[in-house]
Amino acid sequence: MAISGGVAGVSAEPVIVACDVVAFLGFFAAFAAASRMPVPDVDVRAARVIRGLVLAALGVYAFTAVSNVLEHARITAALDPYEDYIEILVFPLIAYALHEAQVAVEAFRRTQAEESLEREHAFLSTVMRISPVGAMIVDRDGRITFANQTAQDLLALRQLDDGTFGFEAEMRCAPMRPGQAHALDLVSLGTGAVLNAVLCAIDVGSRHLVVSVSSTPVPPTGREGSASPGTLVLVEDVTERETARQELFDAQVRYAEALESAVDARTGELLKANEELREAARAKECLLANVSHELKTPLNAVIGFSDVLASGLAGPLTEEQSKQVAMIQEAGRQLLDLVEELLEAQRLESSEAIIEAVPTDVASLARSTAEMLMQFASAKGLELRVEAPERLEATTDGRLVGQVLRNLVSNAIKFTNHGSVIVRVEDAGDRVRIVVEDTGIGIPEAALPRIFDAFVQVPGSRGEKPEGTGLGLAICKRIAEALGGTIVVESSPGAGSTFTVELPKGPGGRAASFTPSQNA
């Protein structure tokens, strides 16, 4: 009856009842969510405790919400006397839940840190154990407080009663470089000595080793102001490397000695060969000197007597005899020219006279050379013409310039069958340019690079070998270079040739010791 009467006489505000219902549903939903929500960063037991406390607190709120709904809806007020007692439990539950959560989180993080340190320690211990390099910690008193297995095996360390390590016998590390100290001096290492791959030789039992020692002080790892644990010392066995290096060095020394010996032997051979060449050169000079005396003198006599016969001083000659005497004269002159060219080439190489640079009228030289060779050009029906200013002076050796002009003009006449030979002398600023141009048979392109080499002769248009030794142009080039000038040629078959000589106006020649023949 109380219930039904309460329902019939409902006078509570509908909004308050609705709020109570919403609060109840909210607390119930929070209770359900908290029961399923995981608690991170703690272990399972702590998570259960925290979740139980949170659920208890939410249960208190849910009970209060149910009581309010029943009371405000005028259904029943039977639960109201218990609300105050129940609500008193909310704050202790929540406070205890927060405390447990904080403690659980700190415990969990501490556990994780300890596990991380253990893993790191295990990793570093493994690395130190399997490291191929020996590692030691030497404290400030010079004691080895730590040594990995590699260091123990390498240096024959033994563990003492106090846990430190010591050498089986007195260890002496002989330095491999001058001026270096004992690298395994524990007292020096303990005081913070810094070494960088210092090499030293040690004897460990019956083994003779070469080790590389490096060290650096270990910074304090504890609280501020704490002392350093000592010095980290790394020891590496480099015996094989240093042995190989020493063997390579020894091989290099042996190679250098062998090379020096070979060079000395080869130098001796070259000196001997050079001396033989000098002897050959002296013999050649002696031979040419004899040729000059033994050939030129008889040749001049032959030419002279043939001139006497041709002139009729020894009596009249028949027509056939005159032809034979003329042939003797021509052959004698050709042979004398060949001898003179050979002697000229030898003089250019052996250096027998000094260039005499004096003021020389090059234009006058060109005209006199043309007059000298005019009869040969006329005999072949050629025009020989000189184009030069009235006077063009240069400080040079006139005899040598005349030699070049005679060789170039005579060659132009020899290889020109019709047309002309033109000699031009031009002012080229600080140089004098001499150009000898002909309308002769020309020179093939393939022969141009070697035209100034000694004994090179270009065959005629029908393949016939020209007269002479092939020394004329080589002599011209040597004279031009000796005077500080140049000589070049432009030519093509059937279109003639153009030889251009340029000489400095001032003294520009080198000290060349040669005396060119006037008839070469």
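Residues numbered from 1 in each chain as written. Predicted model: local features only at pLDDT ≥ 70, side-chain atom pairs only at ≥ 80, totals over all residues. Heavy atoms only, no water.

On to the packing of aromatic side chains. The tally for this structure, following the rule as stated, stands at one aromatic pair. Judged by centre distance (6.2 Å) and plane angle (85°), the ring pair of Phe-452 and Phe-499 falls under edge-to-face. In this pair, Phe-452 sits in the loop between strand 13 (431-438) and helix 13 (472-482) while Phe-499 sits in strand 15 (residues 497-504), placing the two residues 47 residues apart along the sequence. Like Phe-452, the residue Phe-499 is buried in the burial classification. (Phe/Tyr/Trp six-rings, centres within 6.5 Å; stacked < 30°, edge-to-face > 60°. Helix = DSSP H or I, 4+ residues; strand = E, 2+ residues; numbered from the N terminus. Buried < 20%, exposed > 50% of the residue type's maximum accessible area, 1.4 Å probe, protein only.)

Here we take up the pattern of salt bridges. The full count for this structure, using the stated rule, is 19 salt bridges. Between Arg-433 and Glu-426 there is a salt bridge, with the nearest N and O atoms lying 3.2 Å from each other. Look at Glu-426 and you get partly exposed, because its relative accessible area is 28%. With a closest N to O distance of 2.7 Å, Asp-427 and Lys-505 form a salt bridge. Placement of Asp-427 in strand 12 (residues 420-428) and of Lys-505 in the segment after strand 15 is noted, with a sequence separation of 78 residues between them. (Salt bridge = Lys/Arg side-chain N within 4 Å of Asp/Glu carboxyl O.)

For the rest of this paragraph, the subject is the confidence of the model for the protein. For the protein, the mean per-residue pLDDT works out to 78, and 76% of the residues sit at or above 70. Counting contacts from residues 1-12, a segment whose pLDDT is below 50, to residues more than four positions away or on other chains yields seven contacts. (pLDDT = per-residue confidence, 0-100. Contact = heavy atoms within 4.5 Å.)

The next subject is the pairing of strand 8 (residues 230-237). Both faces of the sheet carry side chains from a regular strand, because those side chains alternate between them. The pairing of strand 1 (residues 134-138) with strand 8 spans five bridges and is classified as antiparallel. Bridge pairing in strand 8 links Ala-135 to Leu-234. (Pairing = 2+ DSSP bridges.)

With 43 residues, the main nonpolar core has Leu-384, Leu-408, Ile-413 and Val-501 as its most contacted residues. Elements with a minimum of two residues in this core: helix 11 (362-379), helix 12 (398-414), strand 12, strand 13, helix 13, strand 14 (486-491) and strand 15. For this core, the leading source of residues is helix 12, giving eight residues. Ignoring anything within four residues of it in the chain, the contact list for Val-501 reads Val-404, Leu-408, Val-432, Arg-433, Ile-434, Ala-480, Thr-486 and Ile-487. Counting residues in each nonpolar core, the second largest holds 25 residues, with Leu-157, Leu-189, Leu-209 and Val-213 among its members. (Core = buried A, V, L, I, M, F, W, Y, C linked by side-chain atoms within 4.5 Å.)

This brings us to the sheet that holds strand 13. Spatial ordering of the open sheet is given by 10-12-13-15-14, a layout of five strands whose pairing is mixed. What marks the edges here is a single partner per strand, and that holds for strand 10 (383-387) and strand 14. The average undirected angle you get between the axes of adjacent strands in this sheet is 15°. In this sheet, strand 15 lies alongside strand 13 in antiparallel orientation, the contact comprising seven bridges. (Axes fitted to C-alpha atoms, helices over the stretch in contact; angles between N-to-C directions.)

Turning next to the environment of Gly-398. Note on placement: Gly-398 falls in helix 12. The spatial distance from the C-alpha of Gly-398 to the C-alpha of Ala-357 is 7.8 Å, given a sequence separation of 41 residues. Residue contacts for Gly-398: discarding those within four places in its chain leaves Thr-360 and Leu-365.

Among the structural elements, Thr-500 can be located in strand 15. Setting aside chain neighbours within four positions, we find Thr-500 in contact with Arg-433, Ile-434, Val-435, Thr-486, Ile-487 and Val-488.

In this section: a nonpolar patch on the surface. Together, Phe-123, Leu-124 and Val-127 make up a nonpolar patch on the protein surface, roughly 280 Å² of accessible area in all. In this fold, Val-127 is placed in helix 5 (residues 90-130). (Patch = residues over 30% accessible without salt bridge, like charges linked within 9 Å, V, L, I, M, F, W, Y side chains within 5 Å. Areas by Shrake-Rupley, 256 points an atom, 1.4 Å probe, with all protein chains shown as cover.)

In the contact formed by helix 11 and helix 12, the axes pass within 10 Å of each other and the chain directions differ by 30°. Crossing angle aside, the handedness with which helix 11 passes helix 12 is right-handed. For the pair formed by helix 11 and helix 12, the contact residues are Leu-365, Ala-366, Thr-369, Met-372, Leu-373, Phe-376 and Ala-377 on the first element and Gly-398, Val-401, Gly-402, Leu-405, Arg-406, Val-409, Ser-410 and Ile-413 on the second. Residue composition of the contact of helix 11 with helix 12, grouped by class: ten nonpolar, four polar and one charged. (Left-handed = near helix turned anticlockwise from the far one by under 90°. Nonpolar A, V, L, I, M, F, W, Y, C, P; charged D, E, K, R; others polar.)

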